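Observations on chain architecture
Each chain, written out:
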Amino acid sequence: MSRTTTVFNINEELIFEKSASGKMAYSLPPLDVEDDTIEALLEPSLVRGEIEGFPEVSELDLIRHYVRLSTWNYHIDLGMYPLGSCTMKYNPKLNEKVARLGDLSGVHPLQEETLSQGNLELMFQLQVFLQELTGMDAVSLQPAAGAQGELTGLLMIRAYHVHQGKPRKYVLIADSAHGTNPASATLAGYDVISIPSNPGGTIDTSLLAERMSEDVACLMLTNPNTLGIFEVEIEKVAEIVHGRGGFIYMDGANFNALMGYARPGDMGIDVLHLNLHKTFSTPHGGGGPGSGPVACRQILAPYLPVPRVVRTGAGYSLEESPGSSIGRVHGFYGNFGMFVRALCYILSCGRTGLREISETAVLNSNYIRARLKNHYALAYHSPSLHEVVFSDKKQASNQIRTLDIAKRLIEHGFHPPTIYFPLIVRGALMIEPTESEGKAELDSFIDAMIAIAREARESPELLINAPITTKRTRVDETRAARQPILRWSPPAEAPPDEST
Ligand SMILES: *Cc1c(COP(=O)(O)O)cnc(C)c1O
């Protein structure tokens, strides 16, 4: 049974249309000091006279506007997000509370070092934990996102090779890689050579050996890869790449498959990024702040961004001296609020808790895999870890494609999974339940997916037109992103039902 019943649509005018001159959301008591105009306090060039069309509304208009908008959103506190790869993992509310503590959130980044010892210690401790979890020698917390971590790591690799007298020209990237990998390599000035996957869904080591040369700066690899499959030949991969003087960059955005169990440093990885806003609990989505720390081996450590938090005798300080560093990649020290959440997460989960997170993430994904494998085609049969990739191969004979399945899932009350990625799987449905979900929620998601597989055979029209019960029906997604039409308009009158 679908868990959606009535769709509660409350429509309203745009906030601009509710506006009337002089409406206000507040009233203040009369001033008991002299009234100053803003122009008297600020330089005139800094004062904006008027914001054209700025809505003027009452308190109630304002509150209802935002509350109503929030109810139209599907969000992590409402239900499961089975998105693969970029999913937000477990996100305890405790971390939000700690990050908002005034002593942590109110510190100015230019405050004296002597007055910021607690903050510096927090950053230092987080670096040490991330080093320990990844098996690496040094960490920079500066990059603001996974993609920026990639760019940082690649610039460090470039700086190393330049220092050796030869910058090298190419970066090898597995064809299952996240789209940010080739983009970062290109930004770092490299040409990309793609390495195809083998039938088991892992990197083809004979093709890798063929394409690896002394012109290759590094291989970028995700492990487990975006198919959720562990690169079982990682040691051989490392031997091939290191044998020709190259490095291995690991995309560690989805570290919840390995955390507490396996360390990239022990597998021959030289540098990687983590996504604190995925694996270490900061909520993300809607372009909110992120954090993509970079961890590396000693050989690359001199090239890490500055300033670096270091221990100095009894305290902590910021080492600003550039040396051979690639320089700064972020204002100040990175997104500090994310460091607070990540450290709080690590400390509150503890050693066994972090291991349990990986166990649960892998178990949840394999539970979905086991219960859905007779209903949807598995893209690869190799064992998978934290995520599982199906395709629309079984449904295609009824002209049902991945997009139809995803859209119908909305009407069953779930956010769709990642679709059409990774690119190497035709019609991919990439599902990552994460460690957050319990069995009951997984079961209702699986039941909805099974119901959809049945509908695809028995009443495909339900899928082809889906969704029809939602606030917005199926839109041209490209056009909707470029030319958004925000005003609600009633749907065209339904044609009379001829069967009655
Ligand atoms: C999310 C993700 C990235 C990019 O991280 P951003 O913080 O969005 O820049 C890179 N690689 C993988 C595998 C990811 O899942």
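Residues numbered from 1 in each chain as written. Predicted model: local features only at pLDDT ≥ 70, side-chain atom pairs only at ≥ 80, totals over all residues. Heavy atoms only, no water.

1. Looking at the overall build of the protein chain
Note the threshold: Numbering of helices and strands starts at the N terminus; helices are DSSP runs of H or I of at least 4 residues and strands are runs of E of at least 2. A radius of gyration in this sense is built from C-alpha atoms; the matching globule rule multiplies 2.2 Å by the number of residues raised to 0.38. Partly exposed residues are those whose accessible area sits between 20% and 50% of the maximum for their type, while under 20% is buried and over 50% is exposed, using a 1.4 Å probe and protein chains only. Every residue pair with non-hydrogen atoms within 4.5 Å of one another is taken to be in contact.
A count of helical and extended segments in the protein chain gives 16 helices and 13 strands. Taking 2.2 N^0.38 as the reference for a compact globule, 500 residues should give roughly 23 Å; the C-alpha atoms of the protein chain span a radius of gyration of 26 Å, in line with that estimate. Considered along the principal axes of its C-alpha atoms, the protein chain spans approximately 75 × 75 × 40 Å. Evaluated residue by residue, the protein chain yields a buried proportion of 47% over its 500 residues. A separation of at least 24 residues holds for 70% of the contacts in the protein chain among residues at least 6 apart in sequence.

2. Some remarks on a nonpolar patch on the surface
Just so we agree on the cut-off: A patch is a set of surface residues, each over 30% in relative accessible area and not in a salt bridge, joined within 9 Å for like charges and within 5 Å for the nonpolar side chains Val, Leu, Ile, Met, Phe, Trp and Tyr. Each accessible area is a Shrake-Rupley estimate made with a 1.4 Å probe; only the visible protein chains count as cover when residues are assessed. Any Lys or Arg side-chain nitrogen found within 4 Å of a carboxyl oxygen on Asp or Glu counts as a salt bridge.
Together, Leu62, Ile63, Tyr66, Val67, Leu69 and Trp72 make up a nonpolar patch on the protein surface, roughly 520 Å² of accessible area in all. Valine 67 gets classed as partly exposed once you look at its relative accessible area, which sits at 46%.

3. Section: the packing of helix α12 (residues 336-372) against helix α14 (residues 439-458)
To keep things clear, this is the line we draw: Axis definition: a line fitted to C-alpha atoms, over the contacting stretch in the case of helices. Angles run 0 to 180 degrees between N-to-C directions. Angular relationships are summarised with four words: roughly parallel below 35 degrees, roughly antiparallel beyond 145, roughly perpendicular across 65 to 115, and oblique for the angles in between. Left-handed describes a crossing in which the near helix is turned anticlockwise from the far one by less than a right angle; the clockwise case is right-handed. Amino acids outside the nonpolar list (Ala, Val, Leu, Ile, Met, Phe, Trp, Tyr, Cys, Pro) and the charged list (Asp, Glu, Lys, Arg) are all regarded as polar, and Gly is one of them.
Where α12 contacts α14, the axes come no closer than 10 Å and their chain directions differ by 30°. Considering their axes alone, α12 and α14 lie roughly parallel with respect to each other. For the element pair α12 and α14, the recorded crossing hand is right-handed. Side by side, α12 and α14 meet where Asn364, Tyr367, Ile368, Arg371 and Leu372 of the first sit next to Lys439, Leu442, Asp443, Phe445, Ile446, Asp447, Met449 and Ile450 of the second. When its residues are assigned to classes, the contact of α12 with α14 shows eight nonpolar, one polar and four charged.

4. A few points about the site of the ligand
What counts, and what does not: Any residue with a heavy atom lying within 4 Å of a molecule or strand is counted as near it. The definition of a polar contact used here is a pair of N or O atoms within 3.5 Å, where within protein one atom must be able to donate a hydrogen and the other to accept one, and adjacent residues in sequence count solely through side-chain atom pairs.
Lining the immediate surroundings of the ligand are 14 residues, of which Ser85, Gly146, Asp251, His277 and Lys278 lie closest. One of the backbone N or O atoms of glycine 146 is found 2.8 Å from an oxygen atom in the ligand. In this structure, alanine 147 approaches the ligand through a main-chain N or O atom, which is 2.8 Å from an oxygen atom. Considering the ligand on its own, with 380 Å² of exposed area, one finds that the protein chains cover 88% of that surface. At the level of elements, α7 (146-163) and α11 (276-279) are the ones that each hand at least two residues to the shell around the ligand.

5. A look at the packing of aromatic side chains
What counts is decided by this rule: Each Phe, Tyr or Trp ring (for Trp, its six-membered ring) is paired with any other whose centre lies within 6.5 Å, and the angle between the two planes then decides the class: stacked below 30 degrees, edge-to-face above 60, tilted in between.
Taken as a whole and judged by the stated rule, the model has 10 aromatic pairs. Between phenylalanine 280 and tyrosine 345, the aromatic rings sit 6.4 Å apart at their centres with planes inclined by 90°, giving edge-to-face as the arrangement. Taken as a pair, phenylalanine 280 in the loop between α11 and β7 (294-296) and tyrosine 345 in helix α12 lie far apart in primary sequence, 65 residues in all. By the burial criterion, phenylalanine 280 is buried, and tyrosine 345 matches it. Ring-pair connections join several aromatic residues into one group, and the members of that group are Tyr90, Phe280 and Tyr345.

6. A short note on the sheet that holds strand β2 (residues 170-174)
Within a beta sheet, neighbouring strands are joined by backbone hydrogen bonds and run either parallel or antiparallel to one another. Going by this rule: Note on pairing: DSSP must find at least two bridges between two strands before they are called paired.
On the basis of which strands lie adjacent, the open sheet formed by seven strands has the order β1-β7-β6-β5-β4-β2-β3 and mixed pairing. With one partner strand each, in any of the chains shown, β1 (138-140) and β3 (191-195) form the two edges of the open sheet. Strand-to-strand twist of the sheet, defined as the mean angle between neighbouring strand axes without regard to direction, takes the value 20°. Summarising the sheet, β1 and β7 pair through three bridges and their orientation is antiparallel. The residue of β7 that forms the bridge with serine 140 is valine 294. Strands in contact with helix α6 (residues 117-134) are β1, β6 (271-274) and β7; relative to β1, the strand with the most contacts, it is inclined by about 125°. Sitting on the sheet, helix α8 (residues 180-187) touches β2, β3, β4 (216-222) and β5 (247-252), and the angle it makes with β2 is about 175°.

7. Focus on the pairing of β4
The test is simple: Crossover handedness is defined by viewing with both strands directed away from the observer: a clockwise path from the first strand over the helix to the second marks the crossover as right-handed.
Among the seven residues of β4, seven are classified as buried, and the element is accordingly described as predominantly covered. Sheet analysis places β2 next to β4, joined by four bridges and oriented parallel. Each bridged residue has a counterpart across the sheet, and for leucine 172 the counterpart in β4 is leucine 219. Pairing analysis gives five bridges linking β4 to β5, with the strands arranged parallel. Each residue of the ladder has a partner; that of cysteine 218, found in β5, is phenylalanine 247. In terms of handedness, the path from β4 via helix α10 (residues 234-243) over to β5 forms a crossover that is right-handed.

8. As for the sheet that holds strand β12 (residues 418-419)
What the four strands build is an open sheet, ordered β10-β11-β13-β12; its pairing is antiparallel. At either end of the open sheet lies a strand with only one pairing partner, and these are β10 (377-378) and β12. Where strand β11 (residues 388-391) and strand β13 (residues 428-431) come together, four bridges link them in antiparallel fashion. Directly across from valine 388, in β13, lies its bridge partner isoleucine 431. Running at roughly 25° to β11, α12 makes contact with β10, β11 and β13 of the sheet.

9. Section: the environment of isoleucine 15
Of note, isoleucine 15 is situated in helix α1 (residues 15-18). For isoleucine 15, a relative accessible area of 13% puts it in the buried group. Expressed as a C-alpha distance, the spacing of isoleucine 15 and proline 55, which sit 40 residues apart in the sequence, is 6.6 Å. Among residues more than four places away in sequence, those in contact with isoleucine 15 are Pro55, Val57 and His65.

10. Some details on the domain arrangement of the protein chain
The cut-off we apply is this: Marked domain ranges trace back to an automatic or database domain assignment. Buried area: the accessible surface (1.4 Å probe) lost by two parts on joining, summed over both.
Along its sequence, the protein chain is organised into domain 1 (93-347) and domain 2 (360-482). On a C-alpha basis, the centroid separation for the pair domain 1 and domain 2 is 31 Å. Every contact between the two is made by 22 residues of domain 1 and, on the other side, 17 residues of domain 2. Counting each side, the surface lost to burial between domain 1 and domain 2 is near 1,400 Å², with a carbon and sulfur contribution of 61%. Interface area lost by domain 1 to domain 2 is led by Thr226, Leu227 and Asn256, which between them contribute 38%. Inspection of the region where domain 1 meets domain 2 yields zero salt bridges. If you look at where domain 1 meets domain 2, you find four residue pairs in polar contact (both at pLDDT 80 or more).

11. Considering the side chain of histidine 277
Considering the arrangement of structural elements, one finds histidine 277 in helix α11. There is a polar contact of 3.0 Å between the side chain of histidine 277 and the backbone nitrogen of serine 291. Here histidine 277 is in contact with Met88, Ala145, Gly146, Thr282, His284, Pro289, Gly290 and Ser291, once residues within four sequence places are set aside.

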